[in-house]
Amino acid sequence: MNQLENYLYDPAKCSLAESLYKALAVVAEGTLPPDIDLLVCFKALEQPPEKSLGDYALPCFRFAKALKKIPNQMAEELKRELDASSNPWIGSVILKGAFLNIFTNQKEVSKNIIPLLINGEGYKLLSSHSTNNKTKVMIEFSQPNTHKEFHVGHGRNVCLGDSLCRIFAYNGFNVIPVNYIGDEGTHIAKCLWAVEHYTGEPLTEKVENKAEWLGQRYVEANSKLKDADDEKKIQYNIEISAILKAIENKSGKYYESWKITRQYCLDDFSRIYNWLDVHFEHYFYESEVSVASQQIVDEYIAKSLFVEDNGAFGFDMSDKKLGFFMARKSDGSTPYVTKDLALARVKFNDFDIDRSIYVVGSEQIFHFKQLFYALEQMGFEQAKKCYHLSYGLVVRPEGKMSSRAGNSITFLQLINIVVDEVKIYLEKYKDEWDNARLEDTAHKLAVGAIKYGMLQADPNKEIVFDPKEWVSFEGNSGPYLMYSYARTQSILIKAKELGVELSLAHLDLLVHESERDLMRHLYDFNQTVLYACENYKPSTIANHLFFTCKAYNRFYNEVSVMKAETEDLRAARLALLNAFGNTLKKGLYLLGITPPEKM
Ligand code: ARG
C-alpha cells in the first residue's frame, strides 16, 4: 500500500516527501533506519510561519540524529540531493542553518492544480480517504426545546452543526446529521399552565410563530412564579406538577394539548431549517428516551455501578473532579443527563456509529464531561469517540442580550432584521429584476450573511451580531464573498459572449506575484478543510476564503484578465479565475452557503 494514499490532496508535498526519502537514502548510503519512511518524510515537511520562508520548511534535526550527523551538515547534504533530484515541483531550496526552505515551482503547481479545480476532481481528493470512508460519524445539533422560543444561540448551533456535517462528508466520513428535541420536562408543564391562565389572543392556526407564542407563555409562567408569595408558590407548583404527571402518563386534556402544541413547535422549527437549507437524517426526542432512561438506571444499579446516596442513585466521580453523578433523583425521576445515557446507547447500538459529536453551548461543558465519563464507566467503548463541540454566546454590539435590557431577539427576529437589511441593498435592482429573482437573491444573501456571521468566528469565541456589518458588501462578511463569486461568473459569461475561451494550454504563463499568491491560496484549500475537520472549526474555512478573495482582488487589480498582453495569457488567467470561482463556491458550500450566480 502506498503510505501516502490518504495525502493526495497535497501532491507537491507527496512528491517532495518521495524526493526527500530518496535523498536520505543516498545520504545514509543505502541503509536508512526502519523508523524513517515515506510518511515520516511527509510529516517532516512543515508549513513555514511566513510565506517569505517558502512553501515548505524542513527542519533537519530529526534526520541528523537518526543518521548520526550534525544538523547543519545534514541540511547541506539534503539540499545537494534535492537540487540534483530534478523534481519538477521544486522551484528552489534555500539553506538556513539546519533548516531547508523549499519553494515550489509555480508552473508545476498551476499545471497540476488548475485543471483539477476546473473539472472538480480536486474537491474529491479528501473524500477518498480509506479509513474515513469506513467511519460513521453522528453529528447531533440544533436540539431546541419545544414550547420555548428558538433563540439566537440555537441559530449559531444550527449553522455550526450543518457546516460540520458538510466538512466531515467532504473529508470522506459517513455522516449522520441528527436532531434531539427537548419535548419533555417542567418547562412544558409551566408553559401549558400559563396558557390556561392566559387572557390574551389565544393560540390558533392563525398565530404566525407558534413556538414563539408558547415561549412567551413560558416566560410569563416564570415571572408569575417568581412574583408569587410563598403560599401561592406552593399552590402553583402543585398545579404544574399535576400537568407534568398528566403529560408523562400520556392521558387527559394536558396530554392532548401537549401533542398539539408540540407539533406546532416542530412545524415552526422545520420552517427555520428549510429556510436555512439544513436537513436532518433522524430526529430523536427526549420523550422517546425517558422510559429507557429509567431502565438503564435499574440495569446499572443491578451491575453495582450506580449506588444509593441519600435516596438518590448514581456514582461518585470526584476522582475526576466531576462530583457525584446523579442518575436518579430521590423523588424517583431521572434528570436530563440520564436521558443522555439512554440516547447514547441508542446511537451506539441502533445506529452503529464510530464517532459521536454533540454541538451544544459552552454552559453544558460539565454535563458532557460527566456524561462521557459515565458512558466509559458503563463499558461503552465509543465513549472515547464522543466529542462535545461547545460554542460561545451571540451578543449585541452593546453587550449581552437580555430580556431585561430589552435587546433580546429570537432567531426568527434576527432573520427578519437581516432580510430587511438585504432588501435595502437590493432596492436598486427593483426595476431591473423580476420579483422571483429579487426574492431568490434576497434569500440567498440573507442566508449567507447569517451563516457567515455565525461561522466566521472561532466556535469558542463570542459573536457580535451587527446587522450592518453582516450584510456589508465589503470586509469580512458573507455578502462580500458571495459578491466576489458572482463577479467571477459574470466575467466568465462575458468572455463566452465575446467568444473568448479559457485554456489549460499555457498555465505556465502565470508567473506574476499576485497569480502565484492566489494560486497558493487555492492550493491550500484542501488542507484548510482537513484542518477544519480535525479541529471542528468551520471558522478556518471562512477565514481562508476571505483571504483567498483578497488575493483574488489583488490579482484582478494588478493584472488584466480580459485585456491581457497576449491571447494565451488571457486564456490562462481566465482559467485561474475559473478555478478561483469554483473553489470559492465549494468553500461557501461547506459553510452551508449557496451564492447567487448573478448579482
Ligand atoms: N435541548 C437541550 C437544551 O436546550 C440541549 C440538548 C443537547 N443534547 C444532548 N444530547 N444533551 O439545553
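The structure this text deals with has already been given above.
The residue numbering used here restarts from 1 in each chain and proceeds along that chain's sequence as written. For a predicted model such as this one, the threshold for reporting local features is a pLDDT of at least 70, and the threshold for listing and counting side-chain atom pairs is 80 or more; totals across whole chains, interfaces and linings nevertheless cover every residue. Side-chain metrics in this entry use all non-hydrogen atoms of the structure; hydrogen atoms and water are not considered.

Asker: Quick one: what's the story with the overall build of the chain, residue by residue and with numbers?
Answerer: A tally of helices and strands in the chain yields 22 helices and 13 strands. Residue contacts are defined here by distance: any two heavy atoms, one from each residue, within 4.5 Å place the two residues in contact. Across the chain, contacts joining residues at least 24 apart in sequence account for 73% of those joining residues at least 6 apart. Summed over all atoms, the accessible surface of the chain reaches about 27,600 Å², with 51% contributed by carbon and sulfur. Per the convention used, a helix needs a DSSP run of H or I reaching at least four residues, while a strand needs a run of E reaching at least two, with both numbered from the N terminus. Accessible surface area values rest on a Shrake-Rupley calculation with a 1.4 Å probe, where residue burial reflects the displayed protein chains alone.

Asker: So what about a negative patch on the surface? Which residues, and what values?
Answerer: A surface patch of negative charge is lined by E308, D309, D316 and D319. Of note, E308 is situated in strand 7 (residues 307–309). Patch definition: residues with relative accessible area over 30% and no salt bridge; like charges joined within 9 Å; nonpolar side chains (Val, Leu, Ile, Met, Phe, Trp, Tyr) joined within 5 Å. For this document, the term salt bridge refers to a Lys or Arg side-chain nitrogen within 4 Å of an Asp or Glu carboxyl oxygen. Counting rule for charge: Lys and Arg are taken as positive, Asp and Glu as negative, and neither His nor the chain ends is counted. Charge positions are represented by NZ for Lys, CZ for Arg, CG for Asp and CD for Glu.

Asker: Which residues make up the nonpolar core, and what values go with them?
Answerer: Only buried Ala, Val, Leu, Ile, Met, Phe, Trp, Tyr and Cys residues count toward a nonpolar core, and they belong to the same one when joined by side-chain atoms within 4.5 Å. A 1.4 Å probe rolled over the protein chains alone gives each residue an accessible area, and that area as a share of the maximum for its type sets the label: buried under 20%, exposed over 50%, partly exposed in between. Counting 149 residues, the largest nonpolar core has L24, L78, I139, F168 and M454 as its most contacted members. Here the element with the most residues in this core is helix 22 (residues 567–590); it accounts for ten residues. Dropping the residues within four chain positions of it, I139 is found in contact with G161, L164, C165, F168, V175, I176, P177, V178, I357 and V359.

Asker: Give me the lowdown on helix 14 (residues 365–377), citing residues and values where you can.
Answerer: Any helix carries an expected span of 1.5 Å times its number of residues minus one. Under the 1.5 Å per step criterion, the end-to-end length of helix 14 is 19 Å for 13 residues, consistent within 8% with the ideal 18 Å. The complete set of buried residues in helix 14 reads H367, F368, Q370, L371, F372, Y373, A374 and L375. Its buried side turned inward, helix 14 meets strand 8 (312–316), strand 9 (324–328), helix 13 (336–350), strand 10 (355–359) and strand 11 (386–389). Following helix 14 by one or two positions, G379 has its phi on the positive side, about 90°.

Asker: Please give an account of unusual backbone geometry that cites residues and values.
Answerer: The backbone of D277 sits at a positive phi, close to 60°, despite the residue not being glycine. If you trace the backbone, D277 turns up in the loop between helix 11 (253–276) and strand 6 (282–285). The class for D277 is partly exposed, based on a relative accessible area of 36%. One non-glycine residue, D352, adopts positive backbone phi at about 55°. Checked against the element boundaries, D352 lands in the loop between helix 13 and strand 10.

Asker: Before we move on, could you go through the packing of aromatic side chains and cite the residues and values that matter?
Answerer: Only centres within 6.5 Å qualify two rings of Phe, Tyr or Trp (six-membered ring in Trp) as a pair; their planes then separate them into stacked at under 30 degrees, edge-to-face at over 60, and tilted for everything else. Going through the model one piece at a time under the given rule, you end up with 36 aromatic pairs. Note on Y425 and F473: the rings are 3.8 Å apart at their centroids and 20° apart in plane angle, and the pair reads as stacked. Of this pair, Y425 sits in helix 15 (residues 411–426) while F473 is found in the loop between helix 17 (467–471) and helix 18 (478–497), placing the two residues 48 residues apart along the sequence. Within the aromatic cluster, the residues linked to one another by ring pairs are F141, F150, F269, Y273, F280, Y283, Y285 and F411. Sitting over a ring, as applied to charges here, requires NZ of Lys or CZ of Arg to be within 6 Å of the ring centre and within 35 degrees of the ring normal. A cation over a ring is seen here: K210 above Y264, with NZ or CZ 5.1 Å from the ring centre. Looking at R217, its charged tip hangs above the ring of Y198, at a distance of 3.6 Å from the centre.

Asker: Describe the site of the ligand, naming the residues involved and giving the relevant values.
Answerer: When at least one non-hydrogen atom of a residue lies within 4 Å of a molecule or strand, that residue is treated as near it. Every residue close to the ligand is listed here: E140, Q143, N145, Y180, Y336, D340, L343, Y358, V360, Q364, H367 and F368. Contact between the ligand and E140: a nitrogen atom at 2.8 Å from a side-chain N or O atom of the residue. Within the side chain of N145, an N or O atom sits 2.8 Å from a nitrogen atom of the ligand. When the ligand is considered free in solution it has 350 Å² of accessible area, and contact with the protein chains removes 88% of it. Within the residue set of the shell around the ligand, elements represented by two or more residues are helix 13 and helix 14. The element contributing the most residues to the shell around the ligand is helix 13, with three residues. Definition of a polar contact: a pair of N or O atoms within 3.5 Å, with one able to donate and the other able to accept a hydrogen when the atoms are protein atoms, and with sequence-neighbouring residues admitted only if both atoms are side-chain atoms.

Asker: Go over the side chain of K13, please, and point to the residues and values.
Answerer: Topologically, K13 is positioned in helix 1 (residues 11–27). One buried charge, K13, has no salt-bridge partner; the nearest side chain with opposite charge is D10, at 4.8 Å.

Asker: Report on helix 7 (residues 152–170), specifying residues and quantitative values.
Answerer: Spanning 19 residues, helix 7 covers 27 Å between terminal C-alpha atoms, matching the ideal 27 Å at 1.5 Å per step. Most of helix 7 sits inside the fold, with 18 of its 19 residues counted as buried. Of the residues trailing helix 7, G172 is marked for its positive phi of about 90°.

Asker: Go over the sheet that holds strand 1 (residues 56–59) with me, naming the residues and quoting the values.
Answerer: Read from one edge of the open sheet, three strands run 1-3-2, paired in antiparallel fashion. Each end of this open sheet is capped by a strand with a single partner; those strands are strand 1 and strand 2 (90–96). Averaged over neighbouring strand pairs, the angle between their axes works out to 20° when direction is ignored. Strand pairing is assigned whenever DSSP identifies at least 2 bridges connecting the two strands. Summarising the sheet, strand 1 and strand 3 (residues 99–104) pair through four bridges and their orientation is antiparallel. From the neighbouring strand, P59 faces strand 3, where its bridge partner is F99. Sheet strands touched by helix 1: strand 1, strand 2 and strand 3. Its angle to strand 1, the strand with the most contacts, is close to 30°. Whenever a helix is involved, its axis is fitted only over the stretch in contact; in every case the axis is a line through C-alpha atoms, and angles between N-to-C directions fall within 0 to 180 degrees.

Asker: Describe the packing of helix 18 against helix 21 (residues 538–558), listing the residues and the values that go with them.
Answerer: Contact geometry for helix 18 and helix 21: axes closest at 10 Å, N-to-C directions at 40°. The angle between the axes of helix 18 and helix 21 places the two elements in the oblique class. As helix 18 packs across helix 21, the resulting crossing turns out to be left-handed. Mapping the contact onto sequence places Y480, L481, S484, R487, T488 and I491 in helix 18 and L545, F546, C549, K550, Y552, N553 and Y556 in helix 21. The nonpolar class holds Ala, Val, Leu, Ile, Met, Phe, Trp, Tyr, Cys and Pro. Asp, Glu, Lys and Arg form the charged class, and all remaining residues, Gly among them, are polar. Taken together, the residues that form the contact of helix 18 with helix 21 break down as eight nonpolar, three polar and two charged. Angle categories: roughly parallel below 35 degrees, roughly antiparallel above 145, roughly perpendicular from 65 to 115, and oblique for all the rest. Two helices that cross are described as forming a left-handed crossing if the nearer one is turned anticlockwise from the farther one by less than a right angle, and a right-handed crossing if clockwise.

Asker: Could you give an account of the sheet that holds strand 7, naming the residues involved and the relevant values?
Answerer: Within the open sheet, the three strands sit side by side as 7-8-9. Their pairing is antiparallel. Only two strands of the sheet have a single partner each, and these edge strands are strand 7 and strand 9. Strand-to-strand twist of the sheet, defined as the mean angle between neighbouring strand axes without regard to direction, takes the value 50°. When strand 7 meets strand 8, the two strands line up antiparallel, connected through three bridges.

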